[in-house]
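# A closer look at the structure
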Amino acid sequence: MKKFLTGLMMFLGAANGAWAASVTNGGTAAIVLQVVEDGNRSEVAIDAGASETICPSGCFVTLPNGDRLGLEGGETVEIKDGSATVK
């Protein structure tokens, strides 16, 4: 039973992460995103060339240039020069 529960928890954790949005900073400088998820506001800093996984249950993101994105989780976002490309 313990193995079953451990396997189930691992599966659920992997499935939950699979639906999160992946954000890559394609610029030459670090950026800070304003993220609102489930009514909670936070900041996510991403170094140049780095990626972060955010919004497993959807969120709103304010980009460095002031644009806002609504993400459901599962998107791939590249940010370069403050603008985003969503795939």
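The structure under discussion appears in the preceding block.
Conventions we followed
- Residues take numbers from 1 onward in each chain, read along the sequence in its written order.
- Local features in this predicted model are restricted to residues of pLDDT 70 or higher, and side-chain atom pairs are both shown and tallied only at a pLDDT of 80 or more, whereas totals for entire chains, interfaces and linings draw on every residue.
- Only hydrogens and water are set aside; all other atoms, that is, all heavy atoms of the structure, feed into the side-chain values.
- Two strands make a pair as long as DSSP finds a minimum of two bridges between them.
- Strands are runs of DSSP state E lasting at least 2 residues, helices are runs of H or I lasting at least 4, and numbering of each runs from the N terminus.
- The convention used is that axes are lines fitted to C-alpha atoms, helices contributing only their stretch in contact, and that angles between N-to-C directions extend from 0 to 180 degrees.
- We call two residues in contact whenever any of their non-hydrogen atoms come within 4.5 Å of each other.
- Residue exposure (1.4 Å probe, protein chains only): buried if accessible area is under 20% of the type maximum, exposed if over 50%, otherwise partly exposed.
- In this description, a disulfide is simply a cysteine sulfur pair whose atoms lie within 2.5 Å.
- Put simply, a nonpolar core is a bunch of buried Ala, Val, Leu, Ile, Met, Phe, Trp, Tyr and Cys residues held in one set by side-chain atoms that sit within 4.5 Å of each other.

### So, the sheet that holds strand 8 (residues 83-86)
- Read from one edge of the open sheet, 4 strands run 4-1-7-8, paired in mixed fashion. In this open sheet, the two strands that pair with only one neighbour each are strand 4 (51-54) and strand 8. Shown here is a sheet whose adjacent strand axes are inclined to one another by a mean of 25 degrees, direction ignored.
- Here strand 7 (residues 76-80) runs beside strand 8; their pairing, made up of 4 bridges, is antiparallel. The residue bridging E78 from the neighbouring strand is T85, located in strand 8.

### Quick notes on the environment of A21
- Take A21: it is sitting in strand 1 (residues 21-25).
- Placed 31 residues apart in sequence, A21 and E52 show a C-alpha to C-alpha distance of 8.3 Å.
- Non-local contacts of A21, meaning those with residues more than four positions away in its chain, are made with E52, T53, I54, C55, L71, G73, G74 and E75.

### A few points about the pairing of strand 1
- Burial along strand 1 is one-sided: A21, V23 and N25 are buried, and none of S22 and T24, which face the opposite way, are.
- With 4 bridges joining them, strand 1 and strand 7 adopt parallel strand pairing. Counted as the bridge partner of T24 is E78 from strand 7.

### Details of the sheet that holds strand 6 (residues 68-71)
- A sheet is described by the order of its strands in space; here 4 strands give the open sequence 3-2-5-6, paired in antiparallel fashion. Of all strands in the sheet, those with a lone pairing partner are strand 3 (40-46) and strand 6, marking the two edges. Within this sheet the neighbouring strands show an average axis-to-axis angle of 25 degrees, counted without direction.
- In this sheet, strand 3 lies alongside strand 2 (residues 31-37) in antiparallel orientation, the contact comprising 7 bridges. Residue pairing across strands places Q34 opposite E43, the latter belonging to strand 3.

### Digging into the state of the cysteines
- Inspection of every chain in the model, using the stated rule, returns 1 disulfide.
- Disulfide pairing is shown between C55 and C59; the S-S distance is 1.7 Å. The S-S bond linking C55 to C59 shows a torsion near 65 degrees; that makes this disulfide right-handed.

### As for the nonpolar core
- In terms of nonpolar packing, the biggest core is built from 16 residues, with L33, V35, I54, V61 and L71 touching the most fellow members.
- Elements represented by at least two residues in this core include exactly strand 1, strand 2, strand 3, strand 5 (59-62), strand 6 and strand 7.
- In terms of residues, this core owes the most to one element, strand 2, which gives 3 residues.

Functional significance is not addressed by these values, which are geometric in nature.
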